[in-house]
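Here are the chains, one letter per residue:
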Amino acid sequence: MTAAPPAVTTADVRLLARRLSAVVGDAHVLADADLRAPYERDFTGRWQGGSLLVVRPADTAQTAEVLRLCAGAGVAVVPQGGNTGLVGASVPGGDARGEVLLSLRRLDGVGPVDPRARRVTVGAGVTLAALQHQVRPHGLEFGVDLASRDSATLGGMAATNAGGERVVRYGTTRANVAGVEAVTADGRVLDRLAGLPKDNTGYDLAGLLVGSEGTLAVLTRLRLVLRTRPPRRTAALLAVDSVAAAVAALEPLRRLESLELAEFFTADGLALVLAHGSLPAPFRTAHPVYLLVECAAAHDPTEELADAVALCAAREVAVATDGGARRRLAAYRERHTEAVNSLGPPLKFDVTLPLPELPRFVDELPGLLAGRARAVVFGHLAEGNVHLNLVGAARSDEEPLARAVLGRVADAGGSISAEHGVGRAKAAYVPLTRGADDVALMRAVKAAWDPAGILNPGAMLPSPPPPGARPRPA
Ligand code: MLT
Ligand code: ZN
């Protein structure tokens, strides 16, 4: 049997705090419970856990030193960006001995925009909104956009390979990160920042770190791909009969090269958003399902969008061309998360279904849930990415509900983790869609980068079976 690692004593924490203070300054080592609290609880209130200390380095060199000191003290580290994650990947709680929470928010420098290479280098703590603000005057934009843009940081988005609303056109964050700088668990700095369009020298370590949820290394800087910002935009909200009708509408819509976004939500979710945000309804009557689409191009895309919408069997359509009207339509979709949250910490599922399976999955939910929770469903339709939020479930029902939902997704050939990450929320369910060899290879990758298991313990990988455990019969 392997010996349990020694406990971290109060004296150890004090000594570590002193050493960390010498690196980042006293003001950036938070030992006081009140100061640590906002970092220790996630946005939904579902995930929270006490840290030993919160440490806020200012740059890569300080981050490397922090990791060296924590590794030397044998203390685990949980990296955190804007703390907008939804799967417990960036709040402490994975190591019973306690963890240091490493906040990357002070790494918030934006380098010069290079309009020829169409690249910019940013610190991991730069928010998406700040990046958008910096690149817009150059007629450029970052391809990924999401509702939490004001708080979500590029480091966190890269660590989770965030998707968001424009994947149909620009792909997920991985497709928009050209290079990274990262610090390993023992404090070495890996420089893969060049972000050259052509560079096949060895394994794609930058691509591997994107989506690794802080389990392999800590991202400190990112070289980002920028795109031409299309100047003309038109949005439309379509009311349709069913999820199947919304999926069918994707066929004419996806013929449009200008299509940038295709999102869906239901009558129940919209009613919640309207009540929570005191918003006016988009139509005089409620409809079962809504599809929000947006096109962007150098030319005015209104006419081509109208032609495609005419083929979509919509009951009613609202069109918006100016910025204010588009934002009002977008709010019906983007404000779902906060509206759901207002009902109490939801049980969140972020799954992908193959498109032909998606309508049946949504239609069968009432049977699957059997009255044990209220379901609010919305998501990124073009990718088959469903955000299923369950509210009001009894604690004792949560695990059976998760098994039922994720098992159904796996049986349909879907993914149990579409864009929010695996975190601690889904780690136990990874074997539903990843075989034993696959998990063993992922564990080997983790062991190569972080042999002491210091980085983000409990996130992403299912716990290994206890030593000597027999495989369970199928
Ligand atoms: C969204 O698409 O709005 C986000 O993924 C957040 C959520 O799922 O609640
Ligand atoms: Zn989403």
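These numbers were taken from a predicted model, which means no experiment stands behind them.

S.K.: Before we move on, can you summarise the overall build of the protein with the specific residues and values?
M.R.: Looking only at helices and strands, the protein has 16 helices and 16 strands in total. Dimensions along the principal axes, computed over C-alpha positions, put the protein at roughly 65 × 55 × 45 Å. Split into buried and exposed, the 474 residues of the protein put 54% on the buried side. Long-range contacts, defined here as pairs at least 24 residues apart, represent 75% of the contacts in the protein between residues at least 6 apart. With an accessible surface of roughly 20,700 Å², the protein has 53% of that area assigned to carbon and sulfur atoms. Here the protein contributes 51 positively and 50 negatively charged side chains, and the mean placements of these two sets differ by 3 Å.

S.K.: Explain the site of ligand 1 to me, using residue names and the numbers behind them.
M.R.: The immediate surroundings of ligand 1 are formed by Leu 86, Arg 333, Thr 337, Lys 348, Phe 378, His 380, His 387, Glu 419 and His 420. Here an oxygen atom of ligand 1 and a side-chain polar atom of Lys 348 are 3.0 Å apart. In this structure, His 380 approaches ligand 1 through a side-chain N or O atom, which is 3.0 Å from an oxygen atom. Contact with the protein chains removes 87% of the 270 Å² of surface that ligand 1 exposes when unbound. Taken together, the residues of the shell around ligand 1 break down into two nonpolar, four polar and three charged.

S.K.: Go over the sheet that holds strand 3 (residues 76-80) with me, naming the residues and quoting the values.
M.R.: Spatially, four strands are ordered 1-2-4-3 in an open sheet, and the strand pairing comes out mixed. Among the strands making up the open sheet, the edge pair consists of strand 1 (29-30) and strand 3. Pairing between strand 3 and strand 4 (residues 99-103): five bridges, direction parallel. Among the inter-strand pairings, Ala 76 is bridged to a residue of strand 4, identified as Glu 99. Contacting strand 1, strand 2 (53-55) and strand 4, helix 1 (residues 10-24) runs over the sheet at an angle of about 15° to strand 2.

S.K.: An account of helix 1 is needed here, citing residue identities and associated values.
M.R.: Helix length check: helix 1, at 15 residues, gives a terminal C-alpha distance of 21 Å against a target of 21 Å (1.5 Å per residue), a fit within 8%. Listed in full, the buried residues belonging to helix 1 are Val 13, Leu 16, Ala 17, Leu 20, Ser 21 and Val 24. One side of helix 1 carries all its buried residues, which in axial view fall inside an arc of 140°. Among the exposed residues of helix 1, those oriented more than 90 degrees off its buried face are Arg 14, Arg 18 and Ala 22. Residue Gly 25 follows helix 1 closely and has a positive phi angle near 95°.

S.K.: Summarise the coordination of the zinc ion (ligand 2); cite the residues concerned and give the values.
M.R.: Ideal geometry at a metal gives 109.5 degrees between four tetrahedral donors and either 90 or 180 degrees between six octahedral ones. Looking at the metal site, the zinc ion (ligand 2) is ligated by His 380 (NE2), His 387 (NE2) and Glu 419 (OE), spaced 1.9 to 2.1 Å from it. Within one chain, the residues serving as donors to the zinc ion (ligand 2) are arranged as H-x6-H-x31-E. Of this pair, His 387 sits in strand 16 (residues 385-391) while Glu 419 sits in the loop between helix 15 (395-411) and helix 16 (436-449), and the two are 32 residues apart along the sequence. Residue classification places His 387 among the buried residues on the basis of a relative accessible area of 4%. According to the relative accessible area criterion, Glu 419 is buried, its value standing at 11%.

Cut-offs applied
Residues numbered from 1 in each chain as written. Chains lettered and ligands numbered in written order. Predicted model: local features only at pLDDT ≥ 70, side-chain atom pairs only at ≥ 80, totals over all residues. Heavy atoms only, no water. Helix = DSSP H or I, 4+ residues; strand = E, 2+ residues; numbered from the N terminus. Buried < 20%, exposed > 50% of the residue type's maximum accessible area, 1.4 Å probe, protein only. Contact = heavy atoms within 4.5 Å. Areas by Shrake-Rupley, 256 points an atom, 1.4 Å probe, with all protein chains shown as cover. Lys, Arg positive; Asp, Glu negative; His and termini not counted. Charge placed at Lys NZ, Arg CZ, Asp CG, Glu CD. Near = heavy atom within 4 Å. Polar contact = N/O pair within 3.5 Å; in protein donor to acceptor, adjacent residues only side chain to side chain. Nonpolar A, V, L, I, M, F, W, Y, C, P; charged D, E, K, R; others polar. Pairing = 2+ DSSP bridges. Axes fitted to C-alpha atoms, helices over the stretch in contact; angles between N-to-C directions. Expected span 1.5 Å × (residues − 1). Arc of directions from axis to C-beta. Donors = N, O, S within 2.8 Å, 3.2 Å for Na, K, Ca; no water.

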